[in-house]
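This is what each chain is made of:
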Amino acid sequence: DESQQPITGDALAKASSAALAYTGGGKVTETEVGDEESYYEVEVTLDNGKQTDVQLDENFNVVTGMPDSESDAGDD
């Protein structure tokens, strides 16, 4: 999908830091600008292997954070 662009530069550092602060750790595995649900989306893979998508507004404030249902479907 051409509309999905990764976050780059200064914005990437800020978005990553905001997402990791929200999740309390883990590793940023994917980023996206102009996500359908928010301005930025940062996918964080936690130390337990679960993935969480953190939605950020254009000022890097967390809008929502939700477990990525695709990656852990049928897990519980």
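**A look at the confidence of the model for the protein**
In low-pLDDT regions, the fine details of the predicted coordinates are not to be read closely.
Okay, step 1: Mean pLDDT over the protein works out to 85, with 79% of the residues at or above the 70 mark.
Okay, step 2: For the protein, the element scoring lowest by mean pLDDT is strand 4 (residues 62-67), at 76; helix 1 (residues 9-23) scores highest, at 97.
Okay, step 3: Within the model, the stretch residues 71-76 combines pLDDT values under 50 with 5 contacts to residues more than four positions away or in other chains.

**Topic: the packing of aromatic side chains**
Okay, step 1: Evaluation of the coordinates by the stated rule reveals 2 aromatic pairs.
Okay, step 2: Considering the side-chain rings of Tyr39 and Tyr40, the 4.7 Å spacing of their centres and the 85° angle between planes classify their relative orientation as edge-to-face.
Okay, step 3: Residue Tyr39 is classed as partly exposed on the basis of its relative accessible area of 40%.
Okay, step 4: With a centroid separation of 5.0 Å and an interplanar angle of 10°, the aromatic rings of Tyr40 and Phe60 are classed as stacked. On the criterion of sequence distance, the pair formed by Tyr40 in strand 2 (residues 40-45) and Phe60 in the loop between strand 3 (51-56) and strand 4 is long-range, its members being 20 residues apart. Across the pair, Phe60 and Tyr40 agree in class, each one buried.
Okay, step 5: Each member of the aromatic cluster is reached from another via a ring pair, and the members are Tyr39, Tyr40 and Phe60.

**A word on the environment of Gly26**
Okay, step 1: Secondary-structure assignment places Gly26 in the loop between helix 1 and strand 1 (27-33).
Okay, step 2: Residues Gly26 and Glu43, 17 residues apart in the sequence, show an inter-C-alpha distance of 9.9 Å.
Okay, step 3: Setting aside anything within four residues of it in sequence, one finds Gly26 in contact with Leu20, Val44, Thr45, Leu46 and Asp47.

**Describing helix 1**
An α-helical turn contains 3.6 residues, so any two residues separated by three or four positions project in the same direction.
Okay, step 1: Over its 15 residues, helix 1 extends 21 Å from the first C-alpha to the last, a length consistent with the 21 Å expected when each residue adds 1.5 Å.
Okay, step 2: Among all positions in helix 1, only Ala11, Ala15, Ser16, Ala18 and Ala19 are buried. Projected down its long axis, helix 1 carries its buried residues within an arc of 165°, all on one side. Along helix 1, exposed side chains directed more than 90 degrees from the buried face belong to Asp10 and Ala21.
Okay, step 3: Where helix 1 ends, the next residue or the one after it, Gly24, has phi of about 80°, a positive value.

**Quick word on the nonpolar core**
Okay, step 1: Judged by nonpolar contacts, Ile7, Ala11, Ala15, Ala18, Ala19, Tyr40, Val42, Val44, Val54, Leu56 and Phe60 together constitute the single largest core of 11 residues.
Okay, step 2: Put simply, the parts of the chain that give this core at least two residues each are helix 1, strand 2 and strand 3.
Okay, step 3: Element by element, the count of residues in this core is highest for helix 1, at 4 residues.

Definitions and cut-offs
Residues numbered from 1 in each chain as written. Predicted model: local features only at pLDDT ≥ 70, side-chain atom pairs only at ≥ 80, totals over all residues. Heavy atoms only, no water. pLDDT = per-residue confidence, 0-100. Helix = DSSP H or I, 4+ residues; strand = E, 2+ residues; numbered from the N terminus. Contact = heavy atoms within 4.5 Å. Phe/Tyr/Trp six-rings, centres within 6.5 Å; stacked < 30°, edge-to-face > 60°. Buried < 20%, exposed > 50% of the residue type's maximum accessible area, 1.4 Å probe, protein only. Expected span 1.5 Å × (residues − 1). Arc of directions from axis to C-beta. Core = buried A, V, L, I, M, F, W, Y, C linked by side-chain atoms within 4.5 Å.

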